[in-house]
Amino acid sequence: MASSRTIMPRRHSALLVSACLFAACVPPSVRRPVRPPPAAPAVVLGPNIAGPWVLGTTSALQRVTISTRAVVSITDAASAHTDTLQAALAARYVWSSRAHRRLDGTLEDYRVGVGGAPTVVPAGLQLVRAFTAEASAQGGPLSFRVPIESTACTEPTLSALQGLHDAWIPVPDTLAVGREWTDTVQTLSCRDRIPLHGTAVRRFRVVRATTEDSARVVVLIDRISRGRMAGDGEQFGERVSLTGETSGTMRYMVDPATGRLLRAAGTASLALSLKSSRRNQQVKQESAVTISWPP
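Parameters at a glance
Residues numbered from 1 in each chain as written. Predicted model: local features only at pLDDT ≥ 70, side-chain atom pairs only at ≥ 80, totals over all residues. Heavy atoms only, no water. Phe/Tyr/Trp six-rings, centres within 6.5 Å; stacked < 30°, edge-to-face > 60°. Helix = DSSP H or I, 4+ residues; strand = E, 2+ residues; numbered from the N terminus. Buried < 20%, exposed > 50% of the residue type's maximum accessible area, 1.4 Å probe, protein only. Pairing = 2+ DSSP bridges. Axes fitted to C-alpha atoms, helices over the stretch in contact; angles between N-to-C directions.

Caption draft 1: Broad picture of the packing of aromatic side chains. Scanning the entire structure with this criterion turns up eight aromatic pairs. Each ring, one from Tyr93 and one from Trp168, has its centre 5.9 Å from the other, and the planes form 80°; the classification is edge-to-face. Within this pair, whereas Tyr93 is found in strand E3 (residues 80–95), its partner Trp168 is found in the loop between helix H2 (157–161) and strand E7 (174–175), the two being separated by 75 residues in sequence. For Tyr93, a relative accessible area of 1% gives the class buried. For the ring pair Phe131 and Trp168, a centre distance of 6.0 Å and an interplane angle of 40° mean the geometry is tilted. Of this pair, Phe131 sits in strand E5 (residues 129–136) while Trp168 sits in the loop between H2 and E7, and the two are 37 residues apart along the sequence. Through a chain of ring-to-ring contacts, the aromatic side chains of Tyr93, Trp95, Phe131, Phe144 and Trp168 assemble into a single cluster.

Written out as structure tokens, the structure is:
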């Protein structure tokens with residue numbers, strides 16, 4: 001009696017075994033976790049102390065105060081004398097153009113003291129005095145047009161105003177660490193009744209920036225200067241000549257957001273020789289100068 005069990009053909013059995021073996025060799029699909037994209041670095045907003053800095057627009061009217069403390073030594077063949085000198089100046093002025101080629105202002109106060117005496121307004125100086133400084137049409141340094149040069153030794157206004165050259169500096173519209181530039185200054189004052197003309201070359205360099213009150217950026221500019229002075233004339237009936245050399249350093253602080261100079265401090269040196277047929281005198285002056293531009 002034949003068995004009722006159905007026999008699978010041998011070919012089909014082989015195919016089934018092969019399919020099972022193939023399935024056993026392929027691992028099941030594994031879902032790997034998707035890595036999140038790297039987080040973007042946090043943007044830190046803070047004062048720009050690296051630069052560059054584009055200067056804001058300076059207000060037209062500016063006020064300035066200048067304080068000078070000096071030690072003056074005078075020597076000749078017979079004697080030597082040393083004294084101290086203090087001077088304080090206050091003025092206001094308006095630039096007529098952004099190019100700083102002309103300004104008009106007023107000298108509001110100027111006082112001088114010798115030794116430990118209180119500072120007083122020099123004899124002959126009447127306050128308040130108007131002044132105008134302007135560069136020539138071809139460019140060049142600022143020169144005073146008012147008061148006129150012929151008054152240099154007849155009244156002290158023009159000599160008192162010369163300190164303002166330290167407050168008037170050219171500043172480029174854009175500052176960057178290491179940027180340098182130069183300018184030339186011409187002065188006219190009176191010494192021992194002799195008109196004294198001076199020319200100095202000033203070199204400026206942006207040093208770095210810092211912050212004040214944890215927020216305001218202040219750019220520091222260093223200045224060095226070297227110059228010469230000369231004059232001649234008659235004094236007490238004899239011909240006198242004056243020659244000298246000047247040098248100085250100054251550090252200015254600028255607020256780039258407003259384009260305003262804030263303050264400055266530095267030193268100045270003067271070595272002057274006075275010669276005539278009867279005497280030979282040497283003058284040395286070492287000064288400390290501080291400048292402030294009140295808001």
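The discussion continues.
Caption draft 2: Seen up close, the sheet that holds E3. Judged by pairing direction, the sheet is antiparallel, and its 11 strands sit side by side in the order E6-E5-E4-E3-E2-E13-E12-E11-E10-E9-E8 without closing on themselves. Each edge of the open sheet carries a strand with a single partner, namely strand E6 (139–146) and strand E8 (180–191). Adjacent strand axes in the sheet meet at a mean angle of 25°, parallel and antiparallel pairs treated alike. Inspection of the sheet shows E8 paired to strand E9 (residues 194–212) by 12 bridges, in the antiparallel sense. Within E9, the position partnered with Thr182 by the bridge is Arg203.

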